[in-house]
Amino acid sequence: EHAEQLNDLGAAISSAVDERLRSERMKAELITNVSHDIKTPLTSIINYADLIGKEPKDSEKIPEYAAVLTRQSERLKRLIEDLVEASKASTGNLEVNLAPCQPGVLLTQAAGEYEQKLKDAGLDLVTRQPEAPVTILADGRRLWRVFDNLMNNICKYAQRGTRVYLTLEERDGQAVISFKNTSRAPLDIPAEELLERFVRGDAARGGEGNGLGLSIAKEIIDRHEGIIELLDRPGPGLTVRITLLMEGPRHATE
């Protein structure tokens, strides 16, 4: 009996050490990734601002340079917002204000706002929703952040020439929201690990991804007492499925 207890204790200590080492490695990767991710758009902003300053006022190149400045500024802004959100989540300061919300409206908004980006990425969007509105208790601003992060990932990582499916279903008093796409590159880690902070799906994703989007989405959905899952599909397919209680059942449980 004592031997079994010692073995259990040894296994627990080994597991704790492995987890600590893994955490330290992730922190080191965070510093490296964030430093690179901030430096890249910042360098572009500095360089193109310098180019604009050297061009004649009537130069045809100025609008082109200005477009790059805008794009890189937006990229830098998103990174900073992700870092702030991740910091709030890690310290338990991520506030969620619940109110009646229709996820179908947010999905329609996402489809509209990402229409051009999806087209530029060579993706065909298909949306499916029930005819009757589905209402949940949620923080609409936070839930939009989840949808925004997922759509942004799809535009960056989905295979050109494929379809993207956004679906909303009602199942047993729950709202089930799915984002389905075909990945451009295969995942080299288990899908569930992508929900962890600062993890990228493959080496090829080192461009604009910072590994924060999905982890922030998970933190937000967790605060809603919901479930977010990453499901591997046959081939290079990937589905992100979000399950949230509808307004009625939540009131009933309270």
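Here is what the cut-offs are and how they apply
- Residues numbered from 1 in each chain as written.
- Predicted model: local features only at pLDDT ≥ 70, side-chain atom pairs only at ≥ 80, totals over all residues.
- Heavy atoms only, no water.
- Core = buried A, V, L, I, M, F, W, Y, C linked by side-chain atoms within 4.5 Å.
- Buried < 20%, exposed > 50% of the residue type's maximum accessible area, 1.4 Å probe, protein only.
- Helix = DSSP H or I, 4+ residues; strand = E, 2+ residues; numbered from the N terminus.
- Salt bridge = Lys/Arg side-chain N within 4 Å of Asp/Glu carboxyl O.
- Contact = heavy atoms within 4.5 Å.
- Axes fitted to C-alpha atoms, helices over the stretch in contact; angles between N-to-C directions.
- Parallel < 35°, antiparallel > 145°, perpendicular 65-115°, else oblique.
- Left-handed = near helix turned anticlockwise from the far one by under 90°.
- Nonpolar A, V, L, I, M, F, W, Y, C, P; charged D, E, K, R; others polar.

Draft legend 1. Region of the structure containing the nonpolar core. In this structure, L143, F147, F179 and I242 are the most contacted members of the largest nonpolar core, which totals 41 residues. For this core, the element with the highest residue contribution is helix α5 (residues 140-157), accounting for 8 residues.

Draft legend 2. Fine view of the pattern of salt bridges. Using the criterion set out here, one finds 5 salt bridges in the structure. Close ionic contact of K218 with D222 constitutes a salt bridge, the shortest N to O distance being 2.9 Å. You can see K218 and its partner D222 sitting in helix α6 (residues 213-223), 4 residues apart, about one turn around the helix. Among the salt bridges present, the one from R241 reaches E229, with a minimum N-O distance of 3.0 Å. Residue R241 is found in strand β7 (residues 237-245), and its partner E229 is found in strand β6 (residues 227-232); the two are separated by 12 residues along the sequence.

Draft legend 3. Structural detail: the environment of E247. Looking at the secondary structure, you find E247 in helix α7 (residues 247-253). Those residues in contact with E247 that sit more than four places away from it in its chain are P100, T135, I136 and L137.

Draft legend 4. Expanded view of the packing of helix α3 (residues 103-113) against α5. Across the interface, α3 lies against α5 with an axial gap of 10 Å and an inter-helix angle of 40°. Considering their axes alone, α3 and α5 lie oblique with respect to each other. As for the relative orientation of α3 and α5, their crossing is right-handed in sense. Contact residues: P103, L106, L107, Q109, A110 and E113 in α3; G140, L143, W144, F147 and M151 in α5. Partitioning the contact of α3 with α5 into residue classes produces 8 nonpolar, 2 polar and 1 charged.

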